[in-house]
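Analysis of the macromolecular model
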Amino acid sequence: MSTDKPVEYLKIEHVCKTFGKGESRSEVLRDISLDVAKGEYISIIGHSGCGKSTLLNIVAGLTDATSGYVFLEGREVHEPGPDRAVVFQNHSLLPWLTVYDNVRLAVDKIFSGKKTSAERHAWTLHNLELVHMTHAMKKRPGEISGGMKQRVGIARALAMSPKVLLLDEPFGALDALTRAHLQEEVMKIHAELGNTVLMITHDVDEAVLLSDRIVMMSNGPAAHIGDIREVALPRPRNRLELIADAEYIAARGAVLEFLHKKSHYVEAA
Amino acid sequence: MRARAVSFAAVTLPPVIMLALLGVLWELLCSSPTATLPPPSKVLTDTWELIVNPLYDNGGIDKGLFWHLYASLKRVGLGYLFASTIGIGLGVLIGSSKWAMRALDPLFQVLRTIPPLAWLPLSLAAFRDGQPSAIFVIFITAIWPIIINTAVGVRNIPEDYRNVSKVLRLNGFEYFIKVMLPAAAPYIFTGLRIGIGLSWLAIVAAEMLIGGVGIGFFIWDAWNSSLISDIILALVYVGIIGFLLDRLVAFSGKLIGRGTVNV
C-alpha cells in the first residue's frame with residue numbers, strides 16, 4: 001500500500017495550533033506537515049496530551065488551525081463534512097436511536113436525493129453487515145456492549161463513503177480481546193474498500209499491525225512530528241505470524257524507542 | 001400466578017391500610033360534638049349528592065363538580081400549552097446562545113421568584129376579564145421551570161453529539177429536531193412536570209379570586225356557605241387530579257423520550 005512517492009491526496013501543511021491568548025496562551029501543535037496517499041493507513045502515536053486528537057480534529061474540520069492548511073484532493077478543508085468521517089473515541093451514538101437508525105440518519109442525510117429510500121435502506125444494511133452488526137440493528141446503544149457500539153460507530157462512518165476515515169483512539173476504551181477482534185475487522189474492511197485512514201492511537205502494537213506508516217509525535221507543548229516509520233509488511237497481516245517477523249520487531253522497537261527515549265516525558269504530567 | 005398476586009398485594013396493601021388507619025384516626029378525632037371539622041362519615045353523607053351527581057347543571061355557578069373541574073382543567077390546559085411552547089422555545093434560545101443567556105437569565109431569575117397570585121391584579125388590569133387573567137397566571141407560573149430546565153438540557157448536550165451533527169452537516173432545523181430535542185428531552189420533561197404541578201397549585205388560588213365556574217371558586221363558595229364537607233370533597237378531587245396530571249406528563253415523557261426519559 002505504501003508508496004515511495006505518495007500521490008498527494010490528503011495534505012497537511014505547516015499546521016500550528018495555539019489555544020488561549022496572552023499569559024494563558026499554550027502552543028499545542030507546531031508546524032505539522034504530512035502527506036497521505038490514497039488508500040494509505042496512517043497511525044499517529046504519541047503520549048497522551050501531545051495534541052494528536054487536536055490534529056485529528058483539525059483534519060476533521062471540528063477545530064480550526066491557528067495557521068497552516070489541510071487539503072483534501074487539492075481543496076482546502078475548513079469545516080467538518082462527511083468526506084472526512086470521524087469514529088469518535090466514545091462511539092457517540094445517539095442513545096435514543098436504534099443501531100439501524102443511527103446509521104440510517106447518516107445515510108439519509110448524505111444520500112438524500114441521490115439514492116431512493118430502498119437504496120438507502122440497502123446501503124445501511126450493507127454497512128451494518130460489514131461490521132457484523134445486523135443481528136442487533138433494532139437495539140438501542142444502551143443495550144449493546146462497548147465493542148458493538150464502536151462497530152456501529154465504524155459502520156456509521158463507513159456509510160458516509162468518506163474520502164478519509166478518521167479514527168480517534170477507536171479501540172482505546174475496549175478490553176484487549178475485543179480490541180484485537182476489531183483490529184482484525186478494520187484490517188479486513190481496509191483491504192476490501194481501500195479506505196484512506198488516519199488513526200490516533202497510543203498502542204504501539206496496534207499502530208504497527210494496522211499501519212502503512214506510523215507518525216510519531218513529540219511531547220507537547222508545541223508537539224511536532226518527531227519521526228515517521230514506514231511499516232514494510234505485506235498484507236494481509238496476521239498478528240500471530242508477525243510476532244517473530246524481523247520487520248515487525250524492528251518497527252515496534254523503533255516506535256517504542258521513540259516514545260520512551262527521544263520524546264521526553266512532561267514532568268508536570 | 002401466585003407470586004404475581006403476592007407482589008401486587010405487597011404494593012397495593014400498604015397504602016390501603018394506611019389510608020384506613022388515617023380514616024379511623026380522623027373519625028375518632030372529629031367525632032366529639034365540639035370538633036370544628038366533620039368526620040369522614042359525615043363528609044360522605046353531606047356530599048353524597050355531589051358525589052353521585054357530578055354532571056348536574058342548574059345554571060350559573062350551581063353546577064356539578066365535573067363542570068367545575070372541567071373549567072379549571074381547561075384554564076390550566078390553555079395556560080400550560082402556551083407556557084410549554086414558549087418555555088421550550090425560550091429555553092432552547094438561552095441554552096444555545098451565550099448572549100441570549102447573558103441578557104435573559106438574570107431577568108428570568110428575578111421574575112420566577114414572583115408568587116403566581118401577585119401577577120393576578122396586574123393581568124386583571126391588562127385583560128379586564130377573569131378568564132384570560134387566570135390563564136395568564138397559569139402561563140406565568142408554569143413557564144419558569146420549563147425555560148430553566150430546557151436551557152440546562154440544551155447546554156448539557158454532549159459535545160460528541162454536536163460533533164456528529166457537524167460531520168453530517170445537519171442544518172439548524174434537522175439538528176433541532178433530530179438531536180437537540182431528544183438529547184434535552186429528559187430535562188425538558190422534568191421542567192414540564194414541575195410546570196404542571198405548579199399550574200394546578202396556582203389555579204385553585206386564582207379561581208378563588210376571579211370567581212365563576214371552577215374548582216377554586218367552588219371551594220371558596222363552600223367556605224362562605226359553611227359547607228365544610230364540600231370543601232373536603234373538593235380537596236380530594238383536586239389532589240387526585242393533580243396526581244393524574246403529573247402521571248400524564250411523565251407518561252408522555254416516556255412515550256416521546258423513547259427510553260431516554262427516566263421517570
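Preceding this section is the structure that the text describes.
These lines cover the structure that appears in this document, whether it is placed above or below. (Residues numbered from 1 in each chain as written. Chains lettered and ligands numbered in written order. Predicted model: local features only at pLDDT ≥ 70, side-chain atom pairs only at ≥ 80, totals over all residues. Heavy atoms only, no water.)

Next up on the list: the overall build of chain A. Along its length, chain A carries eight helices and 10 strands. Whereas a compact globule of 269 residues would reach a radius of gyration of roughly 18 Å, chain A reaches 19 Å, a difference of no more than 12%. With respect to the three principal axes, the spread of C-alpha positions in chain A is 55 × 50 × 40 Å. Looking at chain A residue by residue over its 269 residues, the buried ones come to 53%. Of the contacts formed within chain A by residues at least 6 apart in sequence, a portion of 69% connects residues at least 24 apart. (Helix = DSSP H or I, 4+ residues; strand = E, 2+ residues; numbered from the N terminus. Rg over C-alpha atoms; globule rule 2.2 N^0.38 Å. Buried < 20%, exposed > 50% of the residue type's maximum accessible area, 1.4 Å probe, protein only. Contact = heavy atoms within 4.5 Å.)

Across the contact, 18 residues belong to chain B and 22 residues belong to chain A. For the pairing of chain B and chain A, the buried interface totals around 1,800 Å² over both sides, and the portion due to carbon and sulfur atoms is 69%. Here chain B and chain A share two salt bridges between them. A salt bridge links Lys109 of chain A to Glu174 of chain B, with the nearest nitrogen and oxygen atoms 3.0 Å apart. Along the contact surface separating chain B from chain A lie five residue pairs in polar contact (both at pLDDT 80 or more). Of all the secondary structure elements, the ones that give two or more residues to the side of chain B that touches chain A are helix H7 (159–168) and helix H8 (172–210) of chain B. For the side of chain B that touches chain A, the element with the highest residue contribution is H7 of chain B, accounting for seven residues. Each residue belonging to the side of chain B that touches chain A can be placed in one class, and the counts come to eight nonpolar, four polar and six charged. (Buried area = accessible area lost by both parts, 1.4 Å probe. Salt bridge = Lys/Arg side-chain N within 4 Å of Asp/Glu carboxyl O. Polar contact = N/O pair within 3.5 Å; in protein donor to acceptor, adjacent residues only side chain to side chain. Nonpolar A, V, L, I, M, F, W, Y, C, P; charged D, E, K, R; others polar.)

Before going further, it helps to examine the packing of helix H3 (residues 65–96) of chain B against H8 of chain B. Residue and element names in this part refer to chain B. Viewed as axis vectors pointing N to C, H3 and H8 meet at an angle of 140 degrees, and their least axial separation amounts to 8 Å. Overall, the two elements H3 and H8 adopt an arrangement that is oblique. For the pair H3 and H8, the sense of crossing is right-handed. In contact with Ala71, Ser72, Leu73, Arg75, Val76, Tyr80, Ser84, Ile88, Val92 and Ser96 of H3, H8 contributes Phe176, Met180, Leu181, Ile188, Leu192, Gly195, Ile196, Ser199, Trp200, Ile203, Glu207 and Ile210. (Axes fitted to C-alpha atoms, helices over the stretch in contact; angles between N-to-C directions. Parallel < 35°, antiparallel > 145°, perpendicular 65-115°, else oblique. Left-handed = near helix turned anticlockwise from the far one by under 90°.)

This next bit is on the nonpolar core. The nonpolar side chains of a soluble globular protein tend to be buried, and buried together. Ranked by internal contacts, the top residues of the largest apolar core, which has 141 residues, are Leu198 and Met217 of chain A. Of the residues forming this core, the biggest block, 15 residues, is contributed by H8 of chain B. (Core = buried A, V, L, I, M, F, W, Y, C linked by side-chain atoms within 4.5 Å.)

With that settled, consider helix H4 (residues 146–159) of chain A. What sets the pattern is the α-helix's 3.6 residues per turn: residues three or four places apart point alike. Along its 14 residues, H4 of chain A runs 20 Å from first to last C-alpha, staying within 8% of the 20 Å computed at 1.5 Å per residue. Counting buried positions along H4 of chain A gives 12 out of 14 residues, so the element sits mostly inside the fold. Gly147, Lys149, Gln150, Arg151, Val152, Gly153, Ile154, Ala155, Arg156, Ala157, Leu158 and Ala159 of chain A are the residues of H4 of chain A that are buried. Each element contacted by the buried residues of H4 of chain A is listed here: strand S6 (84–87), helix H2 (99–111), helix H3 (117–130), strand S7 (164–168) and helix H5 (176–193) of chain A together with H7 of chain B. Backbone geometry just downstream of H4 of chain A places Ser161 of chain A in the positive-phi region, at approximately 45 degrees. (Expected span 1.5 Å × (residues − 1).)

This model, assessed by the stated rule, comprises zero disulfides over all chains. Here Cys16 of chain A is not cross-linked by a disulfide; its sulfur's nearest cysteine counterpart is in Cys50 of chain A, at 15 Å. (Disulfide = S-S within 2.5 Å.)

Before going further, it helps to examine the pairing of strand S4 (residues 67–72) of chain A. Residue and element names in this part refer to chain A. Bridge count for strand S1 (residues 10–19) against S4 is five bridges, and the pairing is antiparallel. Residue pairing across strands places Lys11 opposite Phe71, the latter belonging to S4. In the sheet, S4 pairs with strand S5 (residues 75–76) via two bridges, with the strands oriented antiparallel. For Leu72, the partnering residue across the bridge sits in S5 and is Arg75. Connecting the antiparallel pair S4 and S5 is a turn made up of two residues, with Glu73 showing a positive phi of about 50 degrees. (Pairing = 2+ DSSP bridges.)

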